[in-house]
Amino acid sequence: MKPIFDWSFALEILPTLGSALIITIQATVLGMLVAVTLGLALALLRRSRLAIVSLPTAFVIEFVRSTPLLVQMYFLFYVMPLTGVQLSPLATGIVALGLHYATYCAEVYRAGIEAVPRGQIEASRSLGVGYWTTMRKVGLPQALFNVLPSMTSQFVSTIKETSLGYVISVNELTFAANQVNNLVLTQPLQVFGILAIIYFVVCFSLSRGLSWLDLRIRRQRAMA
């Protein structure tokens, strides 16, 4: 009787999926670097007192948040070449992930900044300190601490969303698993079962690790 799960086949395809996992991690890390950097800029622009700055920024954030990441990937992959900008599938996926999650990070940052006691901001401004200096020295350090748990969630979501890179031929985990499955055709349980396990292990480990880091930072701040 043929076994339900063929461990020898599983070990055979692990190197292929392992190579694709490296691409997945690369896309996640670079995409999140774009997201946290651009998201901070968007959050500060949205909080501007100048309507000519805050309103267009708010519109961009809401527009990107209200459209699917898949559509945004298609748009960047097929439309950017028409403007003369030619990126590889991986680079396109990283840009799409970065832009998409930057809008979510912007809202996380904004909530973190608004959680900072208003009296501290007002005290800094009353001393003649400018808005941007106040944000840099008073608001942002505390806001970054406040948003760490939410950023953990964004990081884990980004890992899972890299699977959408499959549609533009990014050789990430899902793409590699589908390629393997198309070659053998008779082992879908092994292929996609292992794929699910890899995603679970990576996402769970990252989530636990970042939660531990957050708890450690909080304890150190409490003892300070």
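Residues numbered from 1 in each chain as written. Predicted model: local features only at pLDDT ≥ 70, side-chain atom pairs only at ≥ 80, totals over all residues. Heavy atoms only, no water.

A. Seen up close, the packing of aromatic side chains. Within the structure shown, the criterion is met by six aromatic pairs. Between F77 and Y78, the aromatic rings sit 5.1 Å apart at their centres with planes inclined by 85 degrees, giving edge-to-face as the arrangement. Aromatic side chains Y101 and Y104 sit 5.8 Å apart centroid to centroid with 40 degrees between the ring planes, which places their arrangement in the tilted category. Placement of the pair is Y101 and Y104 together in helix 4 (residues 89-114), with a separation of three residues, close to one helical turn. Relative accessible area serves as the criterion here: at 24%, Y104 is assigned to the partly exposed category. (Phe/Tyr/Trp six-rings, centres within 6.5 Å; stacked < 30°, edge-to-face > 60°. Helix = DSSP H or I, 4+ residues; strand = E, 2+ residues; numbered from the N terminus. Buried < 20%, exposed > 50% of the residue type's maximum accessible area, 1.4 Å probe, protein only.)

B. Broad picture of the packing of helix 2 (residues 51-65) against helix 4. Look at helix 2 against helix 4: their axes get within 9 Å of each other, and the N-to-C directions meet at 120 degrees. By the angle between their directions, the pair helix 2 and helix 4 is classed as oblique. Relative to helix 4, helix 2 is oriented so that their crossing is left-handed. Facing V60, I61, V64 and R65 of helix 2, the residues of helix 4 in contact are L99, H100, T103, Y104, A106 and E107. Tallied by class, the residues present in the contact of helix 2 with helix 4 amount to six nonpolar, two polar and two charged. (Axes fitted to C-alpha atoms, helices over the stretch in contact; angles between N-to-C directions. Parallel < 35°, antiparallel > 145°, perpendicular 65-115°, else oblique. Left-handed = near helix turned anticlockwise from the far one by under 90°. Contact = heavy atoms within 4.5 Å. Nonpolar A, V, L, I, M, F, W, Y, C, P; charged D, E, K, R; others polar.)

C. Region of the structure containing the pattern of salt bridges. A full pass over the atoms with the stated rule returns three salt bridges. With a closest N to O distance of 2.9 Å, R110 and E107 form a salt bridge. Separated by three residues within a single helix, R110 and E107 lie in helix 4, roughly one turn from each other. For E107, a relative accessible area of 16% corresponds to the buried category. Residues joined in a network through salt bridges with shared partners are R46, E62, E107 and R110. (Salt bridge = Lys/Arg side-chain N within 4 Å of Asp/Glu carboxyl O.)

D. Expanded view of the packing of helix 3 (residues 69-79) against helix 4. At a closest axis distance of 9 Å, the pairing of helix 3 and helix 4 adopts a crossing angle of 135 degrees. If you check the angle between helix 3 and helix 4, you find them oblique. Where helix 3 crosses over helix 4, the two elements pack in a sense that is right-handed. For the pair formed by helix 3 and helix 4, the contact residues are L69, Q72, M73, L76 and F77 on the first element and P89, T92, G93, V95, A96, L97, L99 and H100 on the second. Looking at the contact of helix 3 with helix 4 residue by residue, the classes come out as nine nonpolar, four polar and no charged.

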